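Each chain, written out:
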Amino acid sequence: MIPAKQLFVSPPELVTSRRVDRIVGTRVDITCMFGKEVVTFRFFAADKGTAENVAEVLRCNAGQSLRDLGMFPIADSEWEPSH
């Protein structure tokens, strides 16, 4: 059994993005590697359009660590919630 303190990647910037698994509403599920371990992250965006834009940037930069990606520009969302 893995001790609880080892269940979390620290620091998270050291993970390597492998792929975007899916977008569910404003959530982006991402599969990453930390050493030889597979880790799943969930990114929560402000809206669906931003989630799609973040997913696209991550897809285009698969194989890079989040630290190497650093701060990346995300296009303004054109998605507007229905009322």
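Residues numbered from 1 in each chain as written. Predicted model: local features only at pLDDT ≥ 70, side-chain atom pairs only at ≥ 80, totals over all residues. Heavy atoms only, no water.

**Quick look at the pattern of salt bridges**
Next, step 1: Enumeration according to the criterion identifies 5 salt bridges in this entry.
Next, step 2: Among the salt bridges present, the one from R27 reaches D29, with a minimum N-O distance of 2.7 Å.
Next, step 3: R42 is the salt-bridge partner of D29, the closest N and O atoms lying 3.4 Å from each other. Taken as a pair, D29 in strand β2 (residues 27–34) and R42 in strand β3 (residues 37–44) lie far apart in primary sequence, 13 residues in all.
Next, step 4: Connected through shared salt-bridge partners, R22, R27, D29 and R42 make up one network. (Salt bridge = Lys/Arg side-chain N within 4 Å of Asp/Glu carboxyl O. Helix = DSSP H or I, 4+ residues; strand = E, 2+ residues; numbered from the N terminus.)

**Quick word on the nonpolar core**
Next, step 1: Counting 11 residues, the largest nonpolar core is built from V15, V20, V28, I30, C32, A45, A51, V54, A55, L58 and L69.
Next, step 2: For this core, the secondary structure elements donating two or more residues are β2 and α1 (48–60).
Next, step 3: No other element matches α1, which puts 4 residues into this core.
Next, step 4: Among residues more than four places away in sequence, those in contact with C32 are V15, T16, S17, R18, E37, V38, V39 and F41. (Core = buried A, V, L, I, M, F, W, Y, C linked by side-chain atoms within 4.5 Å. Buried < 20%, exposed > 50% of the residue type's maximum accessible area, 1.4 Å probe, protein only. Contact = heavy atoms within 4.5 Å.)

**Some remarks on the sheet that holds strand β1 (residues 16–24)**
Next, step 1: Here 3 strands make up an open sheet; going across it, the order is β1-β2-β3 and the pairing antiparallel. Whereas interior strands pair on both sides, the edge strands pair on one side only; in this sheet they are β1 and β3. The mean inter-strand angle of the sheet, taken between neighbouring strand axes irrespective of direction, is 25 degrees.
Next, step 2: Here β2 runs beside β3; their pairing, made up of 8 bridges, is antiparallel. In the sheet register, T31 faces β3, and the bridge partner there is T40.
Next, step 3: Against the sheet, α1 contacts β1, β2 and β3, and its axis sits at roughly 150 degrees relative to β1. (Pairing = 2+ DSSP bridges. Axes fitted to C-alpha atoms, helices over the stretch in contact; angles between N-to-C directions.)

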